[in-house]
Amino acid sequence: MALQIVHACVNCCACVEVCPNEAIYADTPHFLIDEAKCTECLGEYADPQCAAICPIECAIVNELGDPINPPGSLTGIPLEKLIELGLYKAAA
Amino acid sequence: MELPVISNTPPTPLTTSGGGCSSSGCGTAPDALGHLPDHIRAKVQDHPCYSEEAHHYFARMHVAVAPACNIQCNYCNRKYDCANESRPGVVSELLSPDQAIKKVLAVAAKIPQMTVLGIAGPGDPLANPTRTFETFRQLAERAPDIKLCVSTNGLNLPKYADEIAKYNIDHVTITINCIDPEIGARIYPWIFWENRRIRGVAGARILIEQQQKGLEMLTARGILVKVNSVLIPGVNDRHLKEVSRVVKARGAFLHNVMPLIAEAEHGTYYGLMGQASPSAEQLQELQDDCSGDMAMMRHCRQCRADAVGLLGEDRGAEFTMDKIDQLSLDDIDYAAAMVRRKEVHDAIIDQLDQQRETRRAMPPPLSGDSRNPENLSPAWRTVLMAVAGKNGVVGEHFGHAREFLIYEASPSGVRFVSHRKTGLYCSGTESCGEGDEASASSLVGEPESVLDKTIATLTGCEVVLCSKIGYEPWGKLEASGIQPNGEHAMEPIEDAVLAVYKEMGSAGKLAEKPVGQASSRKAA
Ligand code: SF4
Ligand code: SF4
Ligand code: SF4
């Protein structure tokens with residue numbers, strides 16, 4: 001039961017400030033979540049705090065590897081536009 | 001290592017060209033802060049970002065210690081700096097509070113003109129309260145003479161207003177782009193508030209409430225508040241006048257409207273969705289509109305967040321962290337540095353005071369402005385001129401100018417109106433031909449669009465003064481109805497503008513509308 005930070009992370013450190021369990025630490029090339037400490041915020045908050053403040057789509061994923069904030073969900077840029085710009089490849 | 005502008009230069013009479021800009025070199029200086037009550041004016045008169053006089057003499061620096069943010073702005077790409085206070089597409093060096101202190105102390109020891117330390121982007125300082133306040137706490141302890149300022153999106157302001165008051169931070173900048181949540185929803189896709197991500201109008205409403213509340217709380221605590229707004233054509237352009245009115249009523253002392261910078265390569269929402277940036281003319285018109293309501297800051301250079309030095313210059317490269325790291329804090333004699341700063345600051349303030357005195361003591365003009373007793377015909381129309389200036393004189397090559405100073409010449413004299421940037425997006429020195437010694441030829445080799453863009457920035461101006469200009473830009477400028485003029489190279493800017501204005505007048509060019517200009521800006 002833990003979320004994971006992946007390569008899209010820009011090291012802005014916003015998640016560190018809000019994690020109730022101090023589960024997030026700086027590392028290179030990007031921040032990481034200590035899976036032993038992460039509770040996915042269950043019982044503490046309605047939403048996992050790190051994913052609720054993270055500004056970068058696809059930087060935080062669940063145990064299945066699915067992004068909590070999928071492409072377009074934070075910027076509001078329509079998927080078609082992202083595909084057109086080559087910023088997102090539609091899953092085949 | 002001394003900046004030449006200051007201490008070496010004895011107080012000079014107004015029209016000498018030697019010491020940088022003559023005191024009136026930026027036109028609006030004497031009256032821009034004139035409407036402020038004395039105690040506020042006293043606070044800002046040596047602040048380089050607020051006083052148009054001071055910005056030639058005092059230095060400021062920013063440190064980036066606060067990378068996290070709690071909202072999203074559509075003009076921001078979080079891979080880069082906070083676009084609120086600096087330019088998108090720029091990455092500043094991120095420092096820990098300890099590193100930041102070390103850097104500030106080192107810089108303040110080397111540049112005694114240093115008066116202000118700011119914490120701005122990337123990120124929102126109040127979304128990183130620990131790092132931000134730790135930096136301020138240490139600095140207040142070790143260099144109590146340095147003024148502190150902080151820039152914020154305002155969301156956490158009510159929460160930290162007391163903390164801010166405690167650290168004796170006397171200047172706060174809030175970026176307020178709107179007071180209408182419907183408009184806000186088109187600027188801010190979401191905010192992080194009370195442990196939730198809140199989207200759209202609901203999020204914008206909370207942000208606006210907190211900003212306004214924060215503004216009031218700070219004013220009530222005697223802290224100066226400046227408001228920045230980003231002008232986003234079609235989104236908040238018609239709305240900003242109202243914003244200006246409201247924030248003034250709530251106690252802001254200065255309103256600074258900055259142009260949106262939206263380029264696709266910055267990867268921001270606006271950039272990718274093709275949102276237009278305002279033209280220099282649009283920006284100026286809005287600044288003129290809002291200035292009826294309150295003081296506008298026309299000389300803001302949107303400096304990058306880790307800028308060091310006098311406004312318009314960046315000595316950041318002299319003080320990168322690897323250089324700072326080699327210093328040991330014990331090498332710096334703080335006490336001595338502070339004494340030295342006090343001397344330098346006092347000398348500058350004296351000089352500014354004397355210049356103000358001289359100005360007041362001038363005999364009343366017979367007609368027109370005191371600086372040009374020659375009769376200017378009251379029938380002449382107002383003309384905008386762009387100047388490629390350097391240190392107060394017409395000293396820059398057209399193709400090398402990174403910004404043009406816009407002056408207005410009218411029968412009542414010459415006044416500085418604004419500056420307009422060229423090549424806003426060029427980050428590398430190679431790409432803009434800046435720094436290499438190539439002159440006119442570098443422009444010819446550059447893609448046409450750069451020159452076209454530069455010319456577009458000059459819309460509304462009838463003349464451009466520079467020290468030199470290449471053949472190709474000359475032709476293109478003329479074709480666009482802008483007269484290039486290289487005859488006043490190295491002359492003090494205001495004298496040169498006035499001379500050209502008079503030439504135009506005697507040649508009968510000021511009687512009617514300019515040729516080839518679609519619309520002329522409404523006179524301010
Ligand atoms: S889900 Fe909650 S506990 Fe886990 S890392 Fe994120 S903020 Fe921390
Ligand atoms: S908030 Fe997102 S982008 Fe920022 S450090 Fe955490 S995971 Fe990385
Ligand atoms: S407040 Fe600054 S860092 Fe945060 S999203 Fe807006 S521009 Fe970016």
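That block above? That's the structure.
Remember, it's a predicted structure, so these values are computed and weren't measured experimentally.

Trainee: Is there a simple way to think about the overall build of chain A in this case?
Mentor: A tally of helices and strands in chain A yields 3 helices and 4 strands. Traced from its N-terminal end to its C-terminal end, chain A shows the element sequence β-α-β-β-α-β-α. Considering chain A as a whole, with its 92 residues, one finds that 38% of them fall into the buried category. Within chain A, contacts between residues at least 6 apart in sequence are counted, and of these 42% link residues at least 24 apart. In the form shown here, chain A has an accessible surface area of approximately 5,000 Å², with 55% of it arising from carbon and sulfur atoms.

Trainee: Help me understand the site of ligand 1, please; the structure alone is not making it clear to me.
Mentor: Surrounding ligand 1, one finds 13 residues, the nearest of these being A:Cys19, A:Asn21, A:Cys38, A:Cys41 and A:Cys50. Classifying every residue of the shell around ligand 1 by side-chain character gives 9 nonpolar, 3 polar and 1 charged.

Trainee: How should I be thinking about the packing of helix H5 (residues 157-166) of chain B against helix H7 (residues 200-220) of chain B in this particular structure?
Mentor: The packing of two helices is summarised by the inter-axis angle and the distance between the axes. Residue and element names in this part refer to chain B. Across the interface, H5 lies against H7 with an axial gap of 8 Å and an inter-helix angle of 20°. Comparing their axes, H7 and H5 come out roughly parallel. The interaxial crossing formed by H5 with H7 has right-handed handedness. Along its contact with H5, which presents Leu157, Pro158, Ala161 and Ile164, the element H7 presents Gln210, Lys213, Gly214, Leu215, Met217 and Leu218. For the contact of H5 with H7, the residue count by class is 7 nonpolar, 2 polar and 1 charged.

Trainee: Which parts of the structure should I look at to understand helix H3 (residues 97-110) of chain B?
Mentor: Since there are 3.6 residues in each turn of an α-helix, residues three or four apart along the chain are aligned in direction. All names here are of chain B. Counted at 1.5 Å a residue, the expected span for H3 with its 14 residues is 20 Å, and the 20 Å between its end C-alpha atoms agrees. The buried count for H3 comes to 10 of 14 residues, which makes it a mostly enclosed element. If you check which residues of H3 are buried, you get Pro97, Ala100, Ile101, Lys102, Lys103, Val104, Leu105, Ala106, Val107 and Ala108.

Trainee: Even after reading the chapter, I still don't get the pairing of strand E3 (residues 114-119) of chain B, so can you show me in this structure?
Mentor: Residue and element names in this part refer to chain B. Across the 6 residues that make up E3, a large majority, 6, are buried. Across 4 bridges, the pairing between E3 and strand E4 (residues 147-152) is parallel. Its bridge partner lying in E4, valine 116 is registered against lysine 147.

Trainee: Whenever I open this one, the interface of chain B and chain A confuses me. Can you help?
Mentor: When the parts come together, some accessible area is lost, and that loss is often what is quoted as the size of the interface. Taken together, the 23 residues of chain B in the interface contact 26 residues of chain A. A combined buried area of about 1,900 Å² lies between chain B and chain A, and 60% of that area is made up of carbon and sulfur atoms. Together, B:Phe192, B:Arg197 and B:Leu272 form the three largest contributors to the area buried by chain B at its contact with chain A, with a combined 29%. We note a salt bridge from B:Arg196 to A:Asp47, for which the minimum N-O separation is 2.9 Å. The tally of links from chain B across to chain A stands at 8 residue pairs in polar contact (both at pLDDT 80 or more). Only helix H4 (129-142), strand E6 (190-193), strand E7 (196-199) and helix H9 (269-273) of chain B provide two or more residues apiece to the side of chain B that touches chain A. Among the residues forming the side of chain B that touches chain A, the class breakdown is 11 nonpolar, 6 polar and 6 charged.

Trainee: For this particular structure, what's the right way to read the environment of B:Arg415?
Mentor: All names here are of chain B. Mapped onto the secondary structure, arginine 415 falls in strand E13 (residues 413-421). The partly exposed category is assigned to arginine 415, whose relative accessible area is 25%. Each C-alpha atom of the pair arginine 415 and valine 497 lies 9.5 Å from the other, and the pair is 82 residues apart in sequence.

Trainee: Looking at this structure, I do not really get the packing of aromatic side chains. What am I missing?
Mentor: Aromatic ring pairs are described here by two measures, namely the spacing of the ring centres and the angle between the planes. Residue and element names in this part refer to chain B. One pass over the structure, following the stated rule, counts 4 aromatic pairs over all chains. The interplanar angle of 85° and the centroid separation of 5.5 Å between the aromatic rings of tryptophan 380 and tyrosine 501 together place this pair among those described as edge-to-face. Here tyrosine 501 lies in helix H16 (residues 493-506) and tryptophan 380 lies in the loop between helix H12 (334-361) and strand E11 (383-387), a separation of 121 residues in the sequence. Taken as a pair, tryptophan 380 and tyrosine 501 share a single burial class, namely buried.

Trainee: For this particular structure, what's the right way to read H4(B)?
Mentor: The end-to-end C-alpha distance of H4(B), which contains 14 residues, comes to 20 Å, matching closely the 20 Å that a straight helix rising 1.5 Å per residue would cover. Listed in full, the buried residues belonging to H4(B) are B:Pro129, B:Thr132, B:Phe133, B:Thr135, B:Phe136, B:Gln138 and B:Leu139.

Trainee: Got a minute to help me understand the side chain of B:Gln212 in this structure?
Mentor: All names here are of chain B. Inspection of the secondary structure assignment puts glutamine 212 in helix H7. Note on glutamine 212: relative accessible area 8%, which makes it buried. With sequence-adjacent residues up to four places away left out, glutamine 212 is seen in contact with Ile176, Ile179, Val246, Val247 and Arg250.

Quick notes on the rules
Residues numbered from 1 in each chain as written. Chains lettered and ligands numbered in written order. Predicted model: local features only at pLDDT ≥ 70, side-chain atom pairs only at ≥ 80, totals over all residues. Heavy atoms only, no water. Helix = DSSP H or I, 4+ residues; strand = E, 2+ residues; numbered from the N terminus. Buried < 20%, exposed > 50% of the residue type's maximum accessible area, 1.4 Å probe, protein only. Contact = heavy atoms within 4.5 Å. Areas by Shrake-Rupley, 256 points an atom, 1.4 Å probe, with all protein chains shown as cover. Near = heavy atom within 4 Å. Nonpolar A, V, L, I, M, F, W, Y, C, P; charged D, E, K, R; others polar. Axes fitted to C-alpha atoms, helices over the stretch in contact; angles between N-to-C directions. Parallel < 35°, antiparallel > 145°, perpendicular 65-115°, else oblique. Left-handed = near helix turned anticlockwise from the far one by under 90°. Expected span 1.5 Å × (residues − 1). Pairing = 2+ DSSP bridges. Buried area = accessible area lost by both parts, 1.4 Å probe. Salt bridge = Lys/Arg side-chain N within 4 Å of Asp/Glu carboxyl O. Polar contact = N/O pair within 3.5 Å; in protein donor to acceptor, adjacent residues only side chain to side chain. Phe/Tyr/Trp six-rings, centres within 6.5 Å; stacked < 30°, edge-to-face > 60°.

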